[in-house]
Each structure stands twice: as structure tokens, then as C-alpha cells.
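Summary of structural features
Residues per chain are reported as follows:
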Amino acid sequence: MQLDKATTTSHLPEVVEPRNPGLDLDMNWVRSAQANTSAIERRAGTIGTRRTVKKEYQAAWLLKAITMIDLTTLSGDDTENRVRRLCAKAAHPVRHDLLEALGVDAITTGAVCVYHDMIAAAVDALDGTGIPVAAVSTGFPGGLSPYHLRVAEIGESVKAGAREVDIVISRRHVLTGNWQALYDEMREFREACGEAHVKAILATGELGTLRNVARASVVCMMAGADFIKTSTGKESVNATLPVSLVMMRAIRDYHARTGFRVGYKPAGGISKAKDALTYLALVKEELGDDWLSPHLFRFGASSLLGDIERQLEHHVTGHYSAGYRHGMG
Amino acid sequence: MTIKEIFETMDYGTAPESAKEAEAWLDRHDRAFGLFIGGSWTKPNETFATKNPATGEELAQVTQAGGDDVDAAVRAARKAQPGWAKLSGHARARVLYAIARLIQKHSRLFSVLETMDNGKPIRESRDIDIPLVARHFYYHAGMAQLQDRELADREALGVAGQIIPWNFPLLMLAWKVAPAIAMGNTVVLKPAEYTSLTALLFAEICDEAGVPPGVVNIVTGDGEVGSAITAHEGIDKIAFTGSTEVGRIIRKATAGTGKSLTLELGGKSPYIVFDDADIDSAIEGLVDAIWFNQGQVCCAGSRLLVHEPIADVFYDKLKARMDKLRVGDPLDKSIDVGALVDPVQLDTVSSMVASGGGEGEVYQSPAKLPNAGCYYPPTLITGMHPAARLMQEEIFGPVLVSTTFRTPDEAVALANDTRYGLAATLWSENLNLALDVAPKLAAGVVWVNGTNMFDAAAGFGGVRESGFGREGGWEGLLAYTKPKVKETALKPTAAHPTPNNAKVDALDRTAKLYVGGKQARPDGGYSAPVWSKAGKLLGHASLANRKDVRNAVEAAAGAASWSKTTGHLRAQILYYLGENLSARSDEFASRINDLTGGRSGAKEVDLSIDRLFTYAAWADKYDSAAKPVPMRGVALAMNEPVGVIGAFCPDEHPLLGFISLVAPAIAMGNRVVAVASEPYPLAATDFYQVLETSDVPGGVVNILTGSHTELAPTLAGHLNVDAVWAHSGADISSLVEYESAGNLKRTWVNNAKTLDWTGPDGEGREFLAQSTEVKTVWVPYGE
């Protein structure tokens, strides 16, 4: 299904996707989802050796990667000023002399991702930049607070100005095979988001098997997730290539069957420019070029940007760079 | 393109691997190479060009070896062999270890050179071919180290002539050279005409690694050089990897020469996907199966069999995956499919698809092909019937043919509906299904939920017309060693002549043939008298003809369920045979004495019972192995019966000779067509009754009597016989080997020599190895 593309007035080359409305829970589909771990690891293990980008291609891909970063701070010691500093970095992620040398226009990160209490500061700091604020929600990261409070938290965050809400699913629904409960929960979260886009955090490091990841991905998409996301960043294992492959293939299947494109967000543990390039190659191969856009792909990362900046300076100058040469976030 | 533009298109661009070092290496040799004989280089003489198939550019001139050169190489190898074999295993291990280290040290040069000469993507030569080469030498350094203790009952063959193909030039060299020299053989190796360069670089490495002069000799050139090696009298063993057509020629050419032979030939390997498979992973597996090395892989999963419930979805997804394949410059690190090896190969593939593709629906990847060079698009042909030409014939290119199946049984039937039997792949998340189907597939290698996995520890090789012999693992060493047994020249054993004054008992005793568990009159209606030394008529023996061979093979083929029985059951039956023979030992002893005119009958019966017990013991103890391959998973080396074995029994021991061949064969689950001792046939025919009273199912053992020389061509040429053993007193080795070329059945011949059947040489592991094929079943696991 070919969808019409329309460019918005934003300075980003954005493509407006119709939102995934979801569909009824289809247990045949859920149960037929398979994931052969060894084969998936083989594919994931060779993507980085099958595809590589060099020179100006690498620079362009790294710039693209920056536009896909949900620049994130999710710490207990976050303050408003800390968040404002991060927002400033999101609006100016690359030194302007480097951008000039690379011959590209100004770019921004995909979003800034914070806890609920920091939304107001972030919205204020990002005013006029077009950068959305994403809020983690629903009792992040464990998702074990009272259910009605989790739903209410979404509403509060949207009211406070979050345009994207990263919810956490109840892992126990997956682990007990209660797919109906997972579906119902996700449906209600989605409704609570209203116009804000909802990213479903599966916390894949806690789901036990890749097969569970595949099934949870499908159920969340059926329940109307706009994005599916690997991790909170707080599990012991966060985004990995095998998990990403499973989730991307679930997204591809969902698109093939329904025509709706659901976004993907790996989060946690992606800190090197080279890793980002491997992820983008995997996206290009498994999902296609349509997904190489901040509307359908995000990195949940905090330190990735710094490494990319150093790589870009290396591209421009031919010399390896140092962290302190780039403004911190 | 500017960065700004690339930012929008997100294209890959190019990522070329530098050819600088490889070009410099070629330049250092003035782009002309001689032969590597006896540790030194000949001057480039009559030469031919070796080209880069991706560009058509000449890389270097390589010498076309002549007959004299092959002679010189064989002489050098002969001269070096005794000293090399006499070295301790440890001394040889050090040399192999040095080779492995040097290959790693020069790995990028080898990879780039391989890609330039062959056209395969640099990713493959860098990440697959060359690491496997190093691994093979490491592994076999260990085999050399262990040889003295673990293989004390075997010894080197001598000089091995090795002829290798162009699809994995250095890897096939490693598979041939490493086990050969590890075991104390010396080699004369001929790389393929299209791809000589890495073998020549390897020769340089040999020097550096301390390989003594003459241990490794490399002669380059076309098929004529291969013929000269094959025909050379100074060579003890031929190892060939290549086409089935050439394999057949080599089988005929070496027949009766006493050379041992292993062949690794073509394939049309099935790739089975069941409806419960991880479909996306199975599709990715196909990329590694048929689009690996441009499909120029003998074990490529080239015949896709898809379960009907998922066929439509599977084909749609497969086509989508094909659309993503990148075809182009093999030195580009982001290329999936490189160049075919030569314009000749490109023509072959193109014309096969052009003429045969119409039997199905052809889908080709839309990848943009470079303007020059030997490129062919990844191709899928669906809707093929098993009878379609392209379902039967090996294409050896990036072309996948496909049909669907309904049930697991039908999948097995379709998979096995081929003359080949190299490899098979199956995908299912159901362990029961996968482990049930794997043993049923006629193939030397089965991959479960994966494909094209190789390792030095795991045997690789085929059944049927995919050849015989294994490369890798302990089983691979059988191809480069022989048992230390005492052999003596075959002395013909003549039947006792018709006496002038015949003593004839009143009651007629005519032994019939034994076919399918029943006594059968010979088709021709002829029989011959059997006389004792003293001129007594012992009875008449039937003279079997070609139709009796046909009937016996049919009966043996029909008794296939014997191959699925448990070792425990077969052990019980073999013990029972011993018990029942024991009960009639006096009768058999006097029969043997009458037949041979000797007095050793009682001893021969005792030895026969002993031997039956030996194989009863082995029936449930010839263990399969789990190989420690470097992955999370297991590679099972399963000892499987060969199938139907035709056995010409030794003449001199009418009962013991028969038992010595039949017992190991049936212990391992084979069915046998045994041709009894020609001069003394009646001990074997008496044995019918023992078979009948011992619960041996009909068709498992079939016994013919008559002329070995007359029956040999029919039995050895029968296309439904899987192996022929010639331990006849008649010199039929040459005949048997020649006729076996029809379906490339494995042969075991005595080369006009005889063993001491009464001693330890007359039984044991060699007999078990001859009775089995090792099937390697790879099962990666993990949840």
C-alpha cells in the first residue's frame, strides 16, 4: 500500500504517516509468530559486515542518525536547568562550523525525552524549535504502580505538553501469556494519549525469549502503538541487534498485512557512531527507506550524539577528535 | 553526490576494499607464475591468462603444466613422502600450525587475491573462506599431533593427486592438503584453471612454514593436467572435487589401478521449509544458501520445497528479500552477489534458465548489474514440477527452483527425488519433526534451521552421485590413511575338477538361489555340479544371471525397513545366527572340509561364530559422535547404513569369507546381495536355513551363486545398488570400479590381494566404516 507523502512546513523533511489505528486482537497471528534465535543472531551478526558506508556517505548517514535521536535524560537528579541544557543541545546538536563544512542545513535531534516533572521545562526550552518533547510514563520503568494512576499519568503528561509518550507494558502479561490483558492495557494507554504519539516500551530484556518479543510486538501494534521500543534503558540488557531484528520483522509483517507503518525505537546501550550506522543499515535492509526518517525511527540514547560529533569532525578535518571540542548537552 | 543529497537518499555508496597489496604481489612476480615443484619454482613456460571475472582484466599469466612437469612433481612427492611420513606426528603438527598462523597473518592478501581471481564478494572471502582455511590447518595440526597414538592402526597412503574446483579455490585446497600432509602423505595439487593464484601464494607460504621440499607441489593448468595426474602411476590416491561428469571420468580412469579415490561432486540440494518455521529466518537462510558465492556452491540449497500452507506468503517475502540484494563489484564491502567465475559459466547459467525456466515462473531481482563483467541476477523459479529439467540438473549459479509439498512424507520424497545427495536444509521450530526428517534425507550433510555451515571438525561429503568420502573430522582421515594390514597376492582358488569316475549319491541336492527370504530357481535354468577333492558329487549350485541379480537387488531394496531397525534388534539377530550356526557346527564343518578338501572346517565354523558375535557386539556400539563445532549447537556425525551392498565373497573360505562380509553389513543396517565363493558355493547356500531360523527378514541377505566375473558388471553397474565390495578370488577389481561409475556407488576392492580372513585383519573398524556413511546433522539451538 503506497501512502501519499506530504511535506510539512517544518524545516525537517518530514513525512506524515497516517497513524496506526490498531485492530482487533488476532490470536492466530500472535501464536504463529516464530523467532529462531540462532538464525536471528546470525543475521544480526552479519549485518555490520554485509553493509558499510564510507566517507561522505558515512557523514550523511551520521547526520541522519542525529535527527533520529531522542536525546534523553532520565535520572533521579534531573533538574530544570539540566533539562534546558539538554534541550539546547537538541536544537544545536552539531557545531555550526562543522555543518558548514559538511554543506548541510541546520538539523535537530528527533525529540527530547524526559520524566513527567521535566516536561514543562523542556516544552519551554524547545519553544519554536519544532522539537517534540517525549515523556516516559505509566510508572516508568517498572510499570507496577496502580493501573488507574498509570493511565492518569499519560493524561497529565499530554496536558503538560508531551507530544510523544513512551509507555511501559506490563511484562507479566507477556510472561504469563495473557495477551488479551496486554492488548487491553495498550489500547487504553493509546486512548489516553489522544493526539500524542505513543511508543510502547516492551522491556525486551525482561521478556525471556525472542519469541515473546515477536508476540508482544504484534499485540502492541494491534492495540494501536505508533512506535514499539525495546527498553527503558534500566533493564540489565537493553537494545540489541537480534531483538531489533525481531521487532523490525514484526513491524514489516504488520505493514504488509495492514498497510500501516509503525515506528521503531531501540533504546539503551547504543553509544557509538558505528553502532548507529549498523542499526540504520538493518532498518534499510529489513524495513526499507521509508523507515529512515525520524517519523518512523528513533534512537533512545544519551551519549551517542557525542561520538557522532567526533566522527563528523574527523570526516571534516581528517583528524580524530576530542570530546571537549563539542558543546555538551 | 553531496552530503546534503545523500542525507535525503540514504544510499549506500561504494565501500571498495583496496587491491593495492594484491596488485603489488602480482607485480613482484612480474605477473607470471611457474609451477611449485620439489620446493622450488619453475620458470613460467607455456602460459595462459587468469582474469578477474568482475572486470575481464588479465591478472597474470599462469603456466600450463605439461606431462613432464606432472612427472617431476610426482617424483618430488614420491621422494619426499617416506621421510615426511617418518617424522613424528608432532613434527608435522608444527608445520601445519605454522601454515595456519601464516594464513592468518596474510589473511587480507589471500582474501583480496581470492576475490580478484574468483569474483566472490570480499565479505565472503574475508569472513568465510580464509578463516575456514586457517581453521582447517589448525584442526589438522592437531590431527598430526594425535596420529601416533590415536591412529596407530592406520598409515599414510603415499602420494595424493588432488584436483580442486574454482568455487572455493583456497578453501578446497585446505580441505585437500591439510588432512593429506597431516597424515604423512605428500601431494601434487592442481588448482582450477580459472583460479590458480591463491594456490600459488599458498606455495610461497609453505616455504616460509618449513614444509619440506616435495611435500606440497602445485601444478597449474587445464583439464589435461588433471588427466595426467589421474593417470600417473606414481600416485596412490586421487581426491577430486568438481562436477559429477568429470568425477565419473576419473572413476573410470582410475578403475583397477589400485589408486584410492574420493570424490566430492555436484548437488541439487533440497531446502525444505515447514509451515511452523521462522519464515523470515528461513528466507535469510536462502540468501546464504543459493546467493552465497553466486550460487556456485556444490551444496547450495538450490531446490526450495515449501509447505503449501505458507507458500504464497513465503514467495512474496522471498521476492521482497531478493529485491534488496546488491549485485556488483566483488571488492565492494557492501555487495551480496559478485561475479560468476568466467564468461563460460555465465553463458551456461543464462542458457539453462533461458531454455528451462519456462517450465515455471521466473522472477529475477531488479538489482542493477554492472555493464561489464560476469554478472547474473538472483533468480527464483517457482511452480516447478519435480520432472522439470531445472529441478533435476545442477545450475551452479544464483538460480533457485521451487515447488511445494503437502506433508512431511511428501517433503522427504521430493527431497530425495534426485540422483544427487550432498546436502539438505530444513526449517522447522518443531524438534520432533526436524529430527525425524533429517535422517530420512539422502544427503551427507543436513542443516537444521541454518545452511552452508562448515567446520573442520565436521565431516562433509555426499552420497549417491554427489560422490563418496568425507572431508573434515576423524572420518575425513579415512580418505588419507589405510589400515595397516598384511595383504598377499591373490591366488586363484580353483573348483575341484570333474572326476573321471564320479561318485554320486542317490538323492539329488541342488542348491537354489536365496532371494527375498525365499529359495529361488535361477532364471536361466542352469546349474553346475560341485565336486569334492575326492571326486564325490556334493551337489549342484545354481548359475545366477543378470536377471537373478535384478531380482536380488529388488528384494534388497524392498527390505529398506531393516535400515531403520535398532542396533539392539540387529545384535539379537546376529547372536541368534551364531547360536543357530553353532547348533549345526558339525554339519557345516564337514561341508567345508568336503568343499575345500582340507581339515579346517571346524575351525572355520568356530571363527564364523566368533565373527557373528563380533558384529552382534558392534551392532549397538558403533557410536555416532557429537562434533565440537565452533557455535552454539551441535553437529551430529551419524553413522548411517550405506544401503544395498553387493558383496563378492572370498573364494578360499566358503563360510568365513561370506560371514566376514555379510555380518558387518547387516549389523550396520545394510541389505546385502552376496555372491558366494565361486569354487565352493555350498556353504553359503546351506546358510539359508540358518538365516531362516534366525529371524532375518526376507530381502536383508540375498545369496547368489555363479561366476563372479559374469555377475560383476551387472551388480556393479546396477543403479539401485549403493556399494559393491569385491573380495573375490577372481580379479574383478578393475571391472567393479569401472562399472560403478554409472551411479558412482562406493566400491571396496581387493586389487588382486587377499587378507588373512582368519586373523584380526579380517574384521573390525575398517569393515564398519565400509558399511556406513557418516551423515553430519547440524542443529544450532538457542531460545
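Residues numbered from 1 in each chain as written. Chains lettered and ligands numbered in written order. Predicted model: local features only at pLDDT ≥ 70, side-chain atom pairs only at ≥ 80, totals over all residues.

1. As for the overall build of chain A
Going by this rule: Comment: elements are numbered from the N terminus, with helices defined as DSSP H or I runs of at least four residues and strands as E runs of at least two. It is over C-alpha atoms that the radius of gyration is taken, and the globule rule equals 2.2 Å times the number of residues to the power 0.38. Any residue with 12 or fewer other C-beta atoms within 10 Å of its own C-beta is exposed, any with 20 or more is buried, and the rest are partly exposed; the C-beta atoms used are placed from the backbone. A pair of residues counts as a contact when their C-beta atoms, built from backbone coordinates, are separated by no more than 7 Å.
Scanning chain A from terminus to terminus reveals 13 helices and 8 strands. On C-alpha atoms alone, chain A measures out to a radius of gyration of 19 Å, which is about the 20 Å that the 2.2 N^0.38 rule sets for 329 residues. Overall, chain A is about 55 × 45 × 40 Å in size when its C-alpha atoms are taken along their principal axes. For chain A, buried positions account for 56% of its 329 residues. Long-range pairs, those at least 24 residues apart, make up 75% of the contacts in chain A with a sequence separation of at least 6.

2. Quick word on the UniProt feature "domain: Aldehyde dehydrogenase" (unreviewed entry) in chain B
All names here are of chain B. What counts here: UniProt positions are given in the numbering used here, feature names are shortened, and annotations may be inferred rather than shown by experiment.
The positions that UniProt labels "domain: Aldehyde dehydrogenase" (unreviewed entry) are, in the present scheme, residues 41–484 and 534–748. Strand forms 18% of residues 41–484 and helix 42%; the C-alpha atoms that close the span are 36 Å apart. Taken end to end, residues 534–748 comprises 47% helix and 18% strand; its first and last C-alpha atoms sit 35 Å apart.

3. Quick notes on the domain arrangement of chain B
Residue and element names in this part refer to chain B. The condition that has to hold: How far each domain reaches was decided by an automatic or database domain assignment. Residues are sorted three ways: Asp, Glu, Lys and Arg are charged, Ala, Val, Leu, Ile, Met, Phe, Trp, Tyr, Cys and Pro are nonpolar, and all the rest, Gly among them, are polar.
On domain assignment, one finds that chain B holds domain 1 (20–265 + 476–481), domain 2 (269–461) and domain 3 (497–771). Averaged C-alpha coordinates put domain 1 and domain 3 at centres separated by 40 Å. On the side of domain 3, 9 residues touch domain 1, which itself brings 9 residues to the contact. No other element matches the 4 residues that helix α10 (residues 244–254) contributes to the side of domain 1 that touches domain 3. Its residues assigned to classes, the side of domain 1 that touches domain 3 shows 3 nonpolar, 3 polar and 3 charged.

4. Let's talk about helix α6 (residues 122–150) of chain B
Basically, it comes down to this: Helices are assigned an expected span. That span is 1.5 Å times one less than the residue count. The angle separating two fitted axes, one through the seven residues that finish at a residue and one through the seven that start at it, defines the bend at that residue.
Counted at 1.5 Å a residue, the expected span for α6(B) with its 29 residues is 42 Å, and the 39 Å between its end C-alpha atoms agrees. The sharpest bend along α6(B) measures roughly 30° and falls at B:Ala144.

5. Observations concerning the nonpolar core
Grouped burial of nonpolar side chains is what soluble globular proteins tend to show. What counts, and what does not: A set of buried Ala, Val, Leu, Ile, Met, Phe, Trp, Tyr and Cys residues, joined through C-beta atoms within 7 Å, is what we mean by a nonpolar core.
One finds B:Leu96, B:Ala647, B:Val662 and B:Ala674 to be the most contacted residues of the largest nonpolar core, which totals 260 residues. With 11 residues, helix α7 (residues 169–182) of chain B is the largest single contributor of residues to this core. Every residue in contact with B:Leu96, bar those within four places of it in the chain, is listed here: B:Phe137, B:His140, B:Ala141, B:Ala144, B:Ala178, B:Ile181 and B:Ala182. Within the second largest apolar cluster, 112 residues are counted, among which are A:Phe140, A:Leu207, A:Ala276 and A:Val283.

6. So, the sheet that holds strand β35 (residues 772–780) of chain B
All names here are of chain B. Note the threshold: The criterion for strand pairing is that DSSP finds at least two bridges linking the strands in question. Throughout, an axis means a line fitted to C-alpha atoms (over the contacting stretch in the case of helices), and angles, computed between N-to-C directions, take values from 0 to 180 degrees.
Reading across from one edge, β14-β15-β16-β13-β12-β17-β18-β35-β28-β27 is the order of the 10 strands in this open sheet, with mixed pairing throughout. At either end of the open sheet lies a strand with only one pairing partner, and these are β14 (361–364) and β27 (625–627). With strand direction ignored, the average angle separating the axes of adjacent strands in the sheet is 20°. Bridge count between β27 and strand β28 (residues 633–641): 3 bridges; the pairing is antiparallel. Opposite Lys627, over in β28, you have Ala635 as the bridge partner. Strands β12 (269–273), β13 (301–307), β16 (399–405) and β17 (423–427) of the sheet are contacted by helix α11 (residues 279–290), whose axis makes an angle of about 160° with β13.

7. A look at the interface of chain B and chain A
Taken together, the contact between chain B and chain A spans 33 residues of the former and 31 residues of the latter. Counting residues per element, the ones that place at least two in the side of chain B that touches chain A are α1 (3–9), α6 and α11 of chain B. Ranked by residues supplied to the side of chain B that touches chain A, first place goes to α1(B) with 5 residues. For the side of chain B that touches chain A, a count of residues per class yields 9 nonpolar, 9 polar and 15 charged.

8. Quick notes on the UniProt feature "active site" (unreviewed entry) in chain B
Residue and element names in this part refer to chain B. Listed under "active site" (unreviewed entry) in the UniProt record, and renumbered for this structure, are Glu264. Structurally, the position occupied by Glu264 is in strand β11 (residues 260–264). On the basis of neighbour counts, which here come to 29 C-beta atoms within 10 Å, the residue Glu264 falls in the buried class. Setting aside residues no more than four positions away along its own chain, Glu264 makes contact with Thr241, Cys298, Gly461, Gly462, Gly467 and Glu471.

9. Digging into the sheet that holds strand β6 (residues 227–229) of chain A
Residues and elements named next belong to chain A. Strand order in this open sheet of 8 strands is β7-β6-β5-β4-β3-β2-β1-β8, and the pairing throughout is parallel. Two strands lie at the open edges of the sheet, namely β7 (263–265) and β8 (299–301), each paired on one side alone. Taking the axes of each pair of neighbouring strands and ignoring which way they run, one obtains an average angle of 25° across the sheet. One ladder, built from 3 bridges, connects strand β1 (residues 69–72) with β8; its direction is parallel. Bridging from a neighbouring strand, Asp70 pairs with Gly300 of β8. In the packing of helix α4 (residues 80–91) onto the sheet, the strands contacted are β1 and β2 (111–114), and the crossing angle to β2 comes to about 160°.

10. Regarding the packing of helix α10 (residues 210–222) of chain A against helix α11 (residues 241–258) of chain A
Residues and elements named next belong to chain A. Put simply, the rule is: Left-handed is the label given to a crossing in which the near helix is rotated counterclockwise from the far helix by less than a right angle, and right-handed is the label when the rotation is clockwise.
Interhelical geometry of α10 versus α11 gives an angle of 35° and a closest axis separation of 9 Å. Between α10 and α11 lies a crossing whose hand is right-handed. Residues Leu210, Val213, Ala214, Ser217, Val218 and Met221 of α10 form the contact with α11, whose participating residues are Pro242, Val243, Val246, Met247, Ala250 and Tyr254. Considered class by class, the residues forming the contact of α10 with α11 number 11 nonpolar, 1 polar and no charged.

11. So, the pairing of strand β4 (residues 47–51) of chain B
Residue and element names in this part refer to chain B. One ladder, built from 5 bridges, connects β4 with strand β5 (residues 58–63); its direction is antiparallel. Counted as the bridge partner of Ala49 is Gln61 from β5. Between the end of β4 and the start of β5, which pair antiparallel, lie 6 residues, with Gly56 showing a positive phi angle near 80°.

12. Concerning helix α24 (residues 708–717) of chain B
Buried within α24(B) we find B:His708, B:Leu711, B:Ala712, B:Leu715, B:Ala716 and B:Gly717. For α24(B), the secondary structure elements touched by its buried residues are α18 (546–558), β29 (644–648), β30 (671–675), β31 (701–704), β32 (723–726) and α25 (733–739) of chain B.

13. Some words on the confidence of the model for chain B
Formally: Within a predicted model, pLDDT stands for the predictor's per-residue confidence, ranging from 0 to 100.
Scored by pLDDT, chain B has a mean of 97; 100% of the residues are at 70 or more. The ipTM value of the predicted complex is 0.94, and its pTM value is 0.96.

14. Some remarks on the environment of B:Phe274
Among the secondary structure elements, B:Phe274 is positioned in the loop between β12 and α11. Leave out the neighbours within four places in its chain, and B:Phe274 touches B:His307, B:Trp427, B:Ser428 and B:Leu433.

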